[in-house]
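# Observations on the model geometry
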Amino acid sequence: MAQTQQTDIVIIGGGIIGCTTAYYLSRHPLYNSETTKIIVLEASAYGVAQGASGKAGGLVAKWAYPAELVDISFPEHVRLAKEHDGVDRWGFRFVECGTWEGVGEDLKRDPGSGVGKGGKQKSLEKTLGVGWNAHAGGINNRHPEGLNWIKEELTTSYAPMDPTTGLEGTAQVHPYLFTTSMMELAAEKGVKLWRGSATRIGIESGRVTGVRYTDPTDGQENFIPATHVILAAGAWSPLLLSSLPVSATRAHSVTFRPKAGVDIAPYVLFTDIKLPRGLHASPEVYARPNNEVYACGPGDDSKLPGNVDEVEVDQTACESIREQVVSISPELREGTVEKRQACFLPIVSHRGAGGPIVGEAKTVAAGLYVTTGHTCWGICNAPGTAKVMAELVLNGKASPRKLKRLDPSHFL
């Protein structure tokens with residue numbers, strides 16, 4: 001792309017994919033703030049990272065899927081953390097991760113299912129596409145060394161999530177801090193954040209012309225001219241491109257703060273808890289660097305609202321997650337729940353193939369790029385996705401051959 005050519009890029013969605021794409025565009029060798037204008041259009045009244053990107057676990061793993069994106073994303077996470085002080089800025093660190101099985105104590109309260117009201121249980125697809133067996137390295141029947149916030153006598157077994165990659169095969173970030181940092185770093189290079197709800201992508205003669213959106217200050221519809229439109233609205237993407245095979249899964253989560261003086265060891269656990277009265281629960285539990293602990297339950301298929309700010313939180317589902325976790329952790333039982341939240345994850349379902357969908361939607365319009373359907377791995381795969389998108393938009397390169405499986409032409 002010639003440096004003198006005027007380029008107007010609109011990114012629809014201020015989640016991790018949109019913000020990271022803005023960052024990589026603003027760092028691309030062909031980016032020139034005088035000839036390239038980039039706008040991130042976000043519907044939330046509260047800024048970026050208000051959906052799944054701010055309420056995720058923040059796991060970054062070499063063993064995640066799809067491998068095509070993970071192979072790009074994982075080293076990029078390491079590089080970004082080194083370049084921008086990610087350890088302090090967004091909590092980047094390597095972390096122990098494994099599957100934990102054990103027995104929950106009887107707290108004389110109903111632990112519930114963790115499924116939100118108004119929907120049926122739905123998988124979060126955490127290990128869909130993972131090409132290895134978590135127990136291939138052998139199950140350790142002993143309590144993990146250093147795991148100080150799970151009652152040792154309740155442990156039945158523990159296995160590293162992927163023994164082949166070691167400690168440096170799994171890392172984590174604080175998702176809200178990572179997403180907001182990406183937006184802040186992009187803004188330093190001239191990227192603008194606009195508030196507004198996109199209502200239509202303008203297309204004329206087979207090419208995008210811009211984005212029509214509702215201005216929240218006066219309710220009026222306005223139009224942003226664009227030479228390139230990047231649709232990165234997560235679960236809301238089909239509202240603007242109805243042919244996208246993307247559905248929404250709601251997930252609830254809570255965050256704990258232990259009592260002062262209690263240090264939480266850096267472990268991420270995929271649990272299988274045998275509860276009293278024949279019940280089972282499988283919350284995911286993530287210890288974070290700031291001594292916060294995040295836990296999420298199963299998904300549900302409740303209806304997607306029109307705006308991210310309208311997502312309903314089922315307090316009963318959140319309480320169920322808390323009860324399940326504290327049945328194995330006295331340290332968290334004695335702590336405080338700071339957040340009870342819910343978000344919607346974008347799930348691709350198309351002829352048995354998973355996503356995400358990444359690339360130019362040429363069959364719809366030239367200049368229209370789609371990047372959605374990352375399930376629960378959006379934080380993990382954002383850098384790789386964004387790097388690919390920046391090359392596509394500013395360098396005009398076709399998707400790398402190994403990413404052809406994710407091209408929109410296979411889904412639309």
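Here the structure is a predicted model, which means the values were calculated and not measured.

In terms of helices and strands, the protein carries 8 helices and 21 strands. Expressed as a percentage of the 412 residues in the protein, the buried residues total 58%. Long-range pairs, those at least 24 residues apart, make up 78% of the contacts in the protein between residues at least 6 apart in sequence. In the structure as shown, the protein presents an accessible area of about 17000 Å², 49% of it carried by carbon and sulfur atoms.

The next point concerns the side chain of S253. Looking at the secondary structure, you find S253 in strand β14 (residues 246–257). By relative accessible area, which is 2% here, S253 ends up buried. Those residues in contact with S253 that lie beyond four places of it in its chain are K55, Y294, A295, C296, C318, I321, K339, R340 and Q341.

Right, let's get into helix α8 (residues 378–395). For α8, which comprises 18 residues, the first-to-last C-alpha distance of 24 Å matches the rise-based estimate of 26 Å (1.5 Å per residue) to within 8%. With respect to burial, α8 is a largely interior element, 15 of its 18 residues being buried. Looking one or two residues past α8, G396 carries a phi angle of roughly 70°, positive in sign.

Taken N-terminus to C-terminus, the directions of helix α3 (residues 67–83) and α8 make an angle of 100°; their axes are 7 Å apart at the nearest point. Between α3 and α8, the crossing angle belongs to the class labelled roughly perpendicular. Across the interface between the two elements, L69, V70, I72, S73, E76, H77 and L80 of α3 pack against I379, C380, N381, A382, P383, G384, T385, K387 and V388 of α8. The residue inventory of the contact of α3 with α8, partitioned by class, reads 9 nonpolar, 5 polar and 2 charged.

To continue, consider the packing of aromatic side chains. Throughout the structure, instances matching the rule amount to 9 aromatic pairs. Ring geometry for Y23 and Y24: centres 5.2 Å apart, planes at 80°, overall edge-to-face. On the basis of relative accessible area, Y23 is assigned to the buried category, the value being 1%. Here F92 and F94 contribute two aromatic rings whose centre-to-centre distance is 5.5 Å and whose plane-to-plane angle is 75°, an arrangement assigned as edge-to-face. Overall, F92 belongs to the buried group, its relative accessible area being 8%. Under the relative-accessibility criterion, F94 is labelled partly exposed at 29%. Aromatic rings pair up to connect W63, F270 and W377 into one cluster.

As a further point, take the sheet that holds strand β10 (residues 197–204). Pairing within the open sheet is antiparallel, and its 3 strands lie in the order β10-β11-β12. Looking at strand neighbours, the two that pair on one side only are β10 and β12 (221–225), the edges of this open sheet. With direction set aside, neighbouring strand axes in the sheet form an average angle of 30°. Pairing of β10 with strand β11 (residues 207–214), which is carried by 7 bridges, proceeds in the antiparallel orientation. Directly across from S197, in β11, lies its bridge partner T214.

Okay, helix α6 (residues 315–326) next. Along its 12 residues, α6 runs 16 Å from first to last C-alpha, staying within 8% of the 16 Å computed at 1.5 Å per residue. Burial of α6 is extensive: 9 of the 12 residues sit out of reach of the surface. Of all the positions in α6, only A317, C318, S320, I321, R322, E323, Q324, V325 and V326 are classed as buried. The backbone nitrogen of T316 has a side-chain oxygen 2.9 Å away, supplied by the residue at the start of α6, namely D314.

This brings us to the sheet that holds strand β3 (residues 59–61). What links the strands of a sheet is backbone hydrogen bonding, and the strands pair in either a parallel or an antiparallel sense. The 3 strands lie next to each other as β3-β8-β4, forming an open sheet whose pairing is antiparallel. Each having just a single partner strand, β3 and β4 (93–94) make up the two edges of the open sheet. Here β4 runs beside strand β8 (residues 170–172); their pairing, made up of 2 bridges, is antiparallel. Looking at the pairing, F94 lines up with A171 of β8. Here α3 sits on the sheet in contact with β3, β4 and β8, set at roughly 115° to β3.

What follows deals with the confidence of the model for the protein. Here the protein averages 91 in pLDDT, and 90% of its residues register 70 or above. Confidence drops under pLDDT 50 across residues 132–137; counting only partners more than four residues distant or on other chains, this segment forms 12 contacts.

What counts and how
Residues numbered from 1 in each chain as written. Predicted model: local features only at pLDDT ≥ 70, side-chain atom pairs only at ≥ 80, totals over all residues. Heavy atoms only, no water. Helix = DSSP H or I, 4+ residues; strand = E, 2+ residues; numbered from the N terminus. Buried < 20%, exposed > 50% of the residue type's maximum accessible area, 1.4 Å probe, protein only. Contact = heavy atoms within 4.5 Å. Areas by Shrake-Rupley, 256 points an atom, 1.4 Å probe, with all protein chains shown as cover. Expected span 1.5 Å × (residues − 1). Axes fitted to C-alpha atoms, helices over the stretch in contact; angles between N-to-C directions. Parallel < 35°, antiparallel > 145°, perpendicular 65-115°, else oblique. Nonpolar A, V, L, I, M, F, W, Y, C, P; charged D, E, K, R; others polar. Phe/Tyr/Trp six-rings, centres within 6.5 Å; stacked < 30°, edge-to-face > 60°. Pairing = 2+ DSSP bridges. Polar contact = N/O pair within 3.5 Å; in protein donor to acceptor, adjacent residues only side chain to side chain. pLDDT = per-residue confidence, 0-100.

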